[in-house]
Amino acid sequence: MAPTLLQIEDLHTQFFTSRGVVHAVDGVNLHIDAGEVLGVVGESGCGKTITALSVLRLVPDPGKIVSGRILFRGKDVTKMDDQEIREFRGNDVAMIFQDPMTSLNPVTRIGPQIEEAMTAHNRFTQQQARTRVIDLLKRVRVPAAESRVKDYPHQFSGGMRQRAMIAMGLANEPALLIADEPTTALDVTVQAQIIQLMKQLNRELGTAMMLITHNMALVASLCTRIVVMYAGRIVEEGPVDQIFKSPQHPYTWSLLRSVPRVDEARKDRLVSIRGLPPDLSNPPPGCKFHPRCPFVIDHCKEEEPPLGEVGPNQLARCWVLMRTVSDEAIDNARAASLASSEAAKKLKQAVPDAGR
Amino acid sequence: MALAQPAIDQPIDWEVPEKQLGLWSDAWQRFRRNRLALVGAVIVVVLVLIAVLSPLLVHFGVIQDPYHQDVANIEATPGMAGHPLGSDELGRDTLARLMYGSQISLTVGLLVQVIIFPIGLAIGLAAGYAGGRIDNLLMRFTDIWYAFPDLLFVLVVVSVWHPSGSPFFQLLPIFGAIALVNWVGLARLIRGQVLSIKEKEFIEAARSSGSAPIKLVLKHLLPNSLGPIIVTLTFGIPQAIFLEAVLSFLGVGIQPPTPTWGQMVFDGYEAVYANPSSAVFPALAIGCTLLAFSFIGDGLRDALDPRMRR
Amino acid sequence: MAVIEGRPRRGALLRWLAAFSGTRGGALGIFVGRRILWMIPIVFFVIVITFFLMHQAAGSPWDKAGGRQLSQSVIDNLNAKYGLDKPEWQQFLIYVWNVVHFDFGLSYQYEGKSVTSLLGEGWRYTATLGGLAFLLIVPVGVGLGVLAALRQNTRIDYATMGFATIAASFPNFVVGVLMVVVLSVTMYKLTGGSFFLPSSDFGIDDHLIMPVITLALLPIAYTARLTRASTLDTIRQDYVRTAWAKGLTERLVVIKHILKNSLIPVVTTLGPTFAFLVTGSVIVETVFNIPGIGRSFVVAVESRDYPMILGTTVLFSVVIAVANLIVDVAYVFIDPRVRLT
């Protein structure tokens, strides 16, 4: 059994805005073992990014970690002092971000930016750092690394920038690399390359990874376990194969249904999830997903379900699990969603610039 | 917003969207919440009232005649002999002169904008709409114009044209000079607006169907740019007042006996050791007026800028 | 240049130029060269306008209001001496020719003294004043702005920005006069001494404190406000978050990531700041009685000394244009994203 690197216990991170308190992370428990790749999946605004930022204590104002523990190798990150947290960041745990163009300092060359990550932790001398940067860039498959080191970020292509960010993240050989939507800002072909690269690095270096994404397809190729988040809570978790084969929470099921599959007949249209994500400063009562759930029952509106075991190592937060839903109900749900997406399409054709 | 049944058969009329009206009342709300801007607005209103009413006040004996030389009370300190703010070296009442001086300052500040507006509009429109070489030429022209230090230009102009006679005639070259120095900002702004409107698809459509889209451009120009135009002109007011005050201070603005604040500062400065307050009051008047207009300008800018959110 | 059989090939020069401009050093050289060339029409324009305006003035420069009226023969001699009897366009061309040779003609006020020498006399005062003001503006303005940004919404922020707003609205001469009132007059009444008084003998001493502060106050206010806005904007950028995520110290993040980016827009305003110092010197020197070029300009305007007016205007415009050029070139150096072609 691989040792547990990261253990998040009942984390609550809230934003204190003028319009009220937003419960961005509302009681999250998760763990990551050494060497594994955990996928954290959900729509925009479900709290996955804030969870990751909480691990590094980088939650921006007006946000605050209100309660809970974040244990890295047993030590509580929320209780670290300034010195300790600085040593922790970029060293034990590193994070890479969504848009590499805006996430890199535009007026500094790539080489010094990566060197900086190394020299800041006194693990390498300036000289060592300089040579190591080239090695790192080679390892992430950046061509002509020796000359590229002197370039500025705007001289790199999107994919190369992300590779450089990955190199920067791995510079100090962290035990855990958190990747927040690393491919969202990239072209589809480049996306595949980056995911490939991350897979290789996980194998070669044994670095554990937390991949945050809303794209289920990426999760399938890279992760061993996944966690599905909705409205600041975990609604399902389990091994990748199991979740993909038999998702138990309707939200997970809907997410998977909205990904086109090669083996499905073309006439089966994509099912979209009706409605909008909830207002986190004023969430609905009971189960937070109930207004959008195609299989909702009365009990869902009254009481929020706890995270219960629904299979070997699989947990789901639902009163009505997918295995209890009849095929007929599933077909009805599909038809209803089809109808609403057709109507939306007709409307869009009539007023083409309605969105502008 | 409730979506009515789309009437697909009717042609789409690119009218100015109704929500523009909402923008104005929304802006007014935001302006009202800005306390500094309100203070500025109040000060300006008071100033305008003073400028307009001061002849009346003199007529009814509420304040002294600013031209009357009370020879017995030269360089009076504030409060002496019926001079609430003192008197100057010829015995003229400071308070009265301050109030009359506001007329000049406000007139210059506001009227200069009236001159700048058509110049900036014309050149900005021409450059933005015509594009190409004309645009290039005009932009080069504004660049060159920009290089001329504003104060120096104004000083040179007034050194050449200094008509005597009524204050209005004396003001004409001053108006002209100040306007000529400050129109570039407005022209650039309008040019930018015209350019961005030109990029919109409906202009392409109009052009490809053969019609000259200038009417369409004008129709969309005003609602969209009125906000920034107002802000630019509002900030131009203190600039103009400042230049006029400097000219008066240096003695090349409006000549005595017409009181202007700049002149009063200079006169007061000459006697600064004997009667410091005679320099302080006009100095504060200038400073506070400029401050008030700046607050209003900031307030307007924040209120009208759709991107600013608290 | 490529040479074939003893003769340079056509187009070889252009190709060399193209290759030269390919390197950033080369492109920079061309950029600077183009900007310097561009200064020529600007200065020319200034001369044209000013010259034109000078000659619109009614009456001749020899009509001194309230002074003795000169006899016609004396006037004719003076006109001949100063070349005023020639047709205007000829005067203009002669003038331009002279300017290129740094000859601005003779002053009307001071018999026999050339404008150039008068400018030379006043230069050190104005330069000292402007130089000291500039040295004050950059650290104080930027420092206040950064401080306010890093301590946003605290009392320090409100205090500095409040000060900046007020300082930005009070014109030079108002500030100067108020300073004199508050400092000099009060000091005098208290101590009878001459500390803080404007003085005519010149040295870098306490007499310079007030004029320099008066001149520098408004640019400090503007710079502080701009620096604060730019820094606040930069702090929110993603790459600053990346820097924190790397575990860098606060000092490193602020200097190498925040300031390195947020100061770029501030540099672009140094040009207009410089122009402001130039025009501001006109006022400040008058208030504090400093015998610099600014004050002599005002005197020249009052006495209709046209060569002096013309010469000073040209000098100021050239100085401002050069300053702008330096700033633009500096900007290219500090922002690697700027494209020179």
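Here the structure is shown first, and the text comes after it.
Conventions adopted
Residues numbered from 1 in each chain as written. Chains lettered and ligands numbered in written order. Predicted model: local features only at pLDDT ≥ 70, side-chain atom pairs only at ≥ 80, totals over all residues. Pairing = 2+ DSSP bridges. Helix = DSSP H or I, 4+ residues; strand = E, 2+ residues; numbered from the N terminus. Axes fitted to C-alpha atoms, helices over the stretch in contact; angles between N-to-C directions. Contact = placed C-beta atoms within 7 Å. Left-handed = near helix turned anticlockwise from the far one by under 90°. Nonpolar A, V, L, I, M, F, W, Y, C, P; charged D, E, K, R; others polar. Core = buried A, V, L, I, M, F, W, Y, C linked by C-beta atoms within 7 Å. Buried ≥ 20, exposed ≤ 12 C-beta atoms within 10 Å, placed from the backbone. Parallel < 35°, antiparallel > 145°, perpendicular 65-115°, else oblique.

1. Re the sheet that holds strand 12 (residues 314-316) of chain A
Residue and element names in this part refer to chain A.
- Taking strand neighbours across the sheet as the criterion, the eight strands line up as 6-7-8-3-9-10-12-11 in an open arrangement whose pairing is mixed. In the strand order of this sheet, the two ends are held by strand 6 (93-96) and strand 11 (308-311), each with one partner. Averaged over all neighbouring strand pairs, the angle between strand axes comes to 25°, with direction disregarded.
- Two elements, strand 7 (residues 176-180) and strand 8 (residues 208-213), share five bridges in a ladder whose sense is parallel. The residue bridging Ala179 from the neighbouring strand is Leu211, located in strand 8.
- Helix 11 (residues 250-257) contacts strand 3 (37-41), strand 9 (225-230) and strand 10 (233-239) of the sheet and is inclined by roughly 105° relative to strand 9.

2. Quick look at the packing of helix 8 (residues 209-235) of chain C against helix 11 (residues 270-288) of chain C
All names here are of chain C.
- Two elements in contact, helix 8 and helix 11, have axes separated by 9 Å at closest approach and are oriented at 150°. The interaxial crossing formed by helix 8 with helix 11 has right-handed handedness. Of helix 11, the residues touching helix 8 (which contributes Met210, Pro211, Thr214, Leu215, Pro219 and Thr223) are Thr273, Phe276, Leu277, Gly280, Ser281, Val284 and Phe288.
- The residue inventory of the contact of helix 8 with helix 11, partitioned by class, reads eight nonpolar, five polar and no charged.

3. Thoughts on the nonpolar core
- Counting residues in each nonpolar core, the largest one holds 139 residues, and the members touching the most others are Val154(B), Ala177(B), Ile178(B), Val246(B), Val265(B) and Val177(C).
- With 15 residues, the single largest contributor to this core is helix 10 (residues 277-304) of chain B.
- Contact partners of Val177(C), with chain neighbours within four places excluded, come to Val265(B), Tyr269(B), Ala279(B), Ala283(B) and Val287(C).
- Core analysis: the next-biggest nonpolar cluster, separate from the first, contains 97 residues, Val25(A), Leu56(A), Ile96(A) and Met209(A) among them.

4. Topic: the interface of chain B and chain C
- On the side of chain C, 38 residues touch chain B, which itself brings 32 residues to the contact.
- When contributions to the side of chain B that touches chain C are tallied by element, the ones reaching two or more residues are helix 4 (132-147), helix 5 (150-160), helix 8 (214-249), helix 9 (261-270) and helix 10 of chain B.

5. Examining the packing of helix 11 of chain C against helix 13 (residues 306-334) of chain C
Residues and elements named next belong to chain C.
- The contact between helix 11 and helix 13 brings their axes to 8 Å, and the two run at 160°. Here helix 11 is positioned roughly antiparallel relative to helix 13, judged by the angle of their axes. When you trace helix 11 past helix 13, the crossing you get is right-handed. Residues Leu270, Gly271, Phe274, Ala275 and Val278 of helix 11 form the contact with helix 13, whose own contacting residues are Phe316, Val319, Ile320, Ala323, Asn324 and Val327.
- Tallied by class, residues from the contact of helix 11 with helix 13 come to nine nonpolar, two polar and no charged.

6. Here's the deal with unusual backbone geometry
Residue and element names in this part refer to chain A.
- For the bond from Asp61 to Pro62, the omega torsion is -5°, close enough to zero to count as cis.
- Tracing the chain through its elements places Pro62 in the loop between helix 1 (48-55) and strand 4 (63-72).
- Residue Arg141 is not a glycine yet carries a positive backbone phi of 65°.

7. Section: the sheet that holds strand 2 (residues 20-33) of chain A
All names here are of chain A.
- Spatially, four strands are ordered 2-1-4-5 in an open sheet, and the strand pairing comes out antiparallel. Only two strands of the sheet have a single neighbouring strand rather than two, namely strand 2 and strand 5 (75-76).
- With 11 bridges joining them, strand 1 (residues 4-17) and strand 2 adopt antiparallel strand pairing. Paired with Ile8 across the strands is Leu30, a residue of strand 2.

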